[in-house]
Amino acid sequence: MALLMAIESSCDETAIAILRGVPGSAAEVLASEISSQIDLHREHGGVVPELASRNHSLRLRGLVEKALFDAKVTMADIDAFAATTGPGLASSLLIGSTAAKGMACALGKPFLGINHLEGHLLSPFIDRTAVPPHLALIVSGGHTLLLDVEAAGRYRKLGGTRDDAAGEAFDKVGKMLDLPYPGGPEIEKAARSGNPRAFDFPRSMLHDPHLDFSFSGLKTAVLYTLQREKGRVSVPDLAASFQQAVLDILVGKTLRAAEISRHRIVAISGGVSLNQALRDALQSACDKAGLEFVTAPRDFCADNAAMIAFAALLRHLAGESSPLDGDIHPNLPLVEPAIV
Ligand code: KG4
Ligand code: ZN
């Protein structure tokens, strides 16, 4: 049995989780606290790094106390402390990792530095007893990645974005439409009453043989449409047509990757996986292809610390730990590109 405390502070959410794990059983999330800074950054239209790091340090202590209270454990019960050490904003990563190292040091317990993307990647399996071989799609504000997962810790990159990440494209188009930050959930809301066939936007690289993505052409097409229509455009129609183009690209490439990698399980994670239209589209494509489709519980799709605690738990149970004098890594990749 192991009790893990993890901190996630790579961007604009300050999050703490406490998780109990027993080898061979599903992990139990005893506490998962998230303090969102969205309101703070909204007036700036995006994340302001200095505001983010200052607020992480202001909120952390209260969140740690609340997590211990909710989990009904004391600091002395924790077996290991973990934090996201990359990728992310340097000043934000430093706050969480320094706090976790401080607690580990004070209590004489191990520290584990965790890759934020590994947290997302493993999150669909947080309530399962094992991480099976599968094809993974990570879709977040900073990343769009297709990975061949052999087991926890054994990943091969199959494709990634060549320009904007899927979430970034949602956020930029949201900005063009004057929707509040972040644009992803707002576009999904607007799209519900729109016609996805109102505008025929490009599905860049969809039929190319490789498994990379590109969303900048789609974003530019939306911009040109807005300029051409000069305020006459229906926001729901444009949002629905843009969202449909993103979905077609993501679903098309993911199914091709599953076919190439011969996996029978497809898992998605990351903030964009909260999009119900995307979940539905992938579910029905997987049903048609006879594949199992797995998503993270909704609470663990966007940035959270339970996913970091889960990745740390698997590494801790495998006997791993990180040095207390290790650095943070703002551009940390999950895996080096495969040599082909
Ligand atoms: O995983 P996440 O919380 O943070 C990163 O690691 O980047 O993902 C945030 C991204 C943002 O771009 C946000 O707009 C997007 O996830 N997002 C959505 C939805 N909810 C969040 N995109 C589309 N539809 C949604 N419902
Ligand atoms: Zn994330």
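You'll find the structure just up there.
Source: prediction; values computed, not measured.

S.K.: Before we move on, could you go through the pattern of salt bridges and cite the residues and values that matter?
M.R.: By the definition in use, this model includes 18 salt bridges. Arg-42 is paired through a salt bridge with Asp-39; the nearest N and O atoms lie 3.3 Å apart. Of this pair, Arg-42 and Asp-39 both sit in helix α1 (residues 38-42), three residues apart, which is roughly one turn of that helix. Overall, the relative accessible area of 61% leaves Asp-39 in the exposed class. In this structure, Glu-150 and Arg-154 form a salt bridge, with 2.4 Å as the shortest nitrogen-oxygen distance.

S.K.: Kindly report on the packing of helix α8 (residues 235-261) against helix α9 (residues 276-289), identifying the contributing residues and their values.
M.R.: The interhelical angle for the contact between α8 and α9, taken along N-to-C directions, is 35 degrees, at an axis separation of 10 Å. The handedness of the crossing between α8 and α9 comes out as right-handed. Of α9, the residues touching α8 (which contributes Gln-243, Leu-247, Leu-250, Val-251, Thr-254 and Leu-255) are Ala-277, Leu-278, Ala-281, Leu-282, Ala-285, Cys-286 and Ala-289. Along the lines of polarity and charge, the residues of the contact of α8 with α9 split into 11 nonpolar, two polar and no charged.

S.K.: Give me the lowdown on the pairing of strand β1 (residues 2-8), citing residues and values where you can.
M.R.: When a strand is regular, its side chains alternate between the sheet's two faces. In terms of residue burial, β1 counts as a mostly covered element, since seven of its seven residues are buried. Across the two faces of β1 the burial is the same, with Ala-2, Leu-4, Ala-6 and Glu-8 and Leu-3, Met-5 and Ile-7 all buried. Sheet topology places β1 next to strand β2 (residues 13-21); seven bridges connect them, and they run antiparallel. In the sheet register, Ala-6 faces β2, and the bridge partner there is Ala-17. Hairpin connection of β1 to β2: four residues between the antiparallel strands. Here β1 runs beside strand β4 (residues 80-86); their pairing, made up of four bridges, is parallel. Counterpart to Leu-4 in the pairing with β4 is Ala-80.

S.K.: Before we move on, can you summarise the packing of aromatic side chains with the specific residues and values?
M.R.: What the rule picks out here adds up to three aromatic pairs. With 5.2 Å between their ring centres and 80 degrees between their planes, Phe-170 and Phe-242 make a pair best called edge-to-face. With Phe-170 in helix α5 (residues 166-176) and Phe-242 in helix α8, this pair connects stretches of sequence that are 72 residues apart. Judged by centre distance (5.7 Å) and plane angle (15 degrees), the ring pair of Phe-199 and Phe-201 falls under stacked. Like Phe-201, Phe-199 is buried.

S.K.: Could you give me a rundown of the packing of α5 against α8, with the residues and numbers involved?
M.R.: The interhelical angle for the contact between α5 and α8, taken along N-to-C directions, is 170 degrees, at an axis separation of 11 Å. Viewed along their axes, α5 and α8 adopt a mutual orientation that is roughly antiparallel. On α8, the residues that touch Ala-166, Ala-169, Phe-170 and Val-173 of α5 are Leu-238, Phe-242, Gln-243, Val-246 and Leu-250. Its residues placed into classes, the contact of α5 with α8 shows eight nonpolar, one polar and no charged.

S.K.: Lay out the site of ligand 1 with the relevant residues and their values.
M.R.: Around ligand 1 lies a shell of 18 residues, among which Gly-141, Asp-171, Glu-188, Gly-271 and Asn-275 are the nearest. Here an oxygen atom of ligand 1 sits 2.9 Å away from a polar atom, N or O, in the main chain of Gly-271. For ligand 1, whose accessible area on its own is 560 Å², the fraction buried by protein is 87%. Spatially, ligand 1 is embedded in the largest pocket. Contributing elements (two or more residues each) for the shell around ligand 1: α4 (116-122), α5 and α6 (183-191).

S.K.: I'd like a description of helix α7 (residues 216-229), backed by residues and values.
M.R.: If you check α7, its first and last C-alpha atoms are 20 Å apart, about what 14 residues at 1.5 Å a residue would give, namely 20 Å. All of the buried residues in α7 are Leu-218, Lys-219, Ala-221, Val-222, Thr-225 and Leu-226. Down the axis of α7, the smallest arc covering the buried residues is 160 degrees, so these residues share one side. Within α7, the exposed residues directed more than 90 degrees away from the buried face are Tyr-224 and Arg-228. In this structure, the buried side of α7 is in contact with α5 and α8. Among the residues trailing α7, Lys-230 stands out with phi positive, at a value near 40 degrees.

S.K.: A description of the side chain of Ser-214 should follow, citing residues and the corresponding values.
M.R.: In this structure, Ser-214 sits in the loop between α6 and α7. In terms of polar contacts, Ser-214 uses its side chain to reach the side chain of Asp-163, at 2.6 Å. With sequence-adjacent residues up to four places away left out, Ser-214 is seen in contact with Asp-163, Ser-204 and Met-205.

Cut-off values and rules
Per chain, residues are indexed from 1 in the order of the written sequence. Chains carry letters from A onward and ligands carry numbers from 1 onward, assigned in written order. Per-residue local features are limited, in this predicted model, to residues with pLDDT of at least 70; the limit for side-chain atom pairs, both in listing and counting, is 80 or more; totals at the level of whole chains, interfaces and linings are taken over all residues. Side-chain numbers come from the whole structure's heavy atoms, not from hydrogens or water. A side-chain nitrogen of Lys or Arg and a carboxyl oxygen of Asp or Glu constitute a salt bridge if their distance falls within 4 Å. Helix and strand labels come from DSSP, where a helix needs a run of H or I of at least four residues and a strand needs a run of E of at least two; each type is numbered from the N terminus. Only protein chains enter the accessibility calculation, which uses a 1.4 Å probe; a residue whose area is less than 20% of its type maximum is buried, one above 50% is exposed, and one in between is partly exposed. With axes taken as lines fitted to C-alpha atoms, and helix axes fitted only over the stretch in contact, angles between N-to-C directions fall between 0 and 180 degrees. For any helix crossing, the convention is left-handed if the near helix is rotated counterclockwise from the far helix by under a right angle, and right-handed if that rotation is clockwise. The contact criterion used is simple: two residues touch if any of their non-hydrogen atoms lie within 4.5 Å. Asp, Glu, Lys and Arg are counted as charged, while Ala, Val, Leu, Ile, Met, Phe, Trp, Tyr, Cys and Pro are counted as nonpolar; the rest, among them Gly, fall into the polar class. Here, a strand pair is defined by DSSP locating no fewer than two bridges between the strands. Each aromatic pair joins two rings of Phe, Tyr and Trp (for Trp, the six-membered one) with centres within 6.5 Å, and gets the label stacked for planes under 30 degrees apart, edge-to-face for over 60, and tilted for any other angle. Roughly parallel means an angle under 35 degrees; roughly antiparallel, over 145; roughly perpendicular, 65 to 115; everything else is oblique. Here, proximity means that at least one heavy atom of the residue falls within 4 Å of the molecule or strand. In protein, a polar contact means a hydrogen-donor-capable atom and an acceptor-capable atom, both N or O and within 3.5 Å, with residues adjacent in sequence counting only if both atoms are side-chain atoms; elsewhere, any N or O pair within 3.5 Å suffices. Only the protein chains shown count as covering a residue, and every accessible area follows the Shrake-Rupley method with a 1.4 Å probe. Whether a set of points on the 1 Å grid over the protein atoms alone is a cavity depends on a 1.4 Å probe fitting there but being unable to get out, while an open set qualifies as a pocket with protein on both sides within 12 Å along at least five of seven lines; lining residues are those with an atom within 4 Å of a point. Cavities and pockets are treated as containing a molecule whenever more than half of the molecule's atoms lie within 2 Å of their grid points. For a helix, the expected span equals 1.5 Å multiplied by the residue count minus one. For this quantity, the arc is that covered by the directions from the helix axis to the C-beta atoms.

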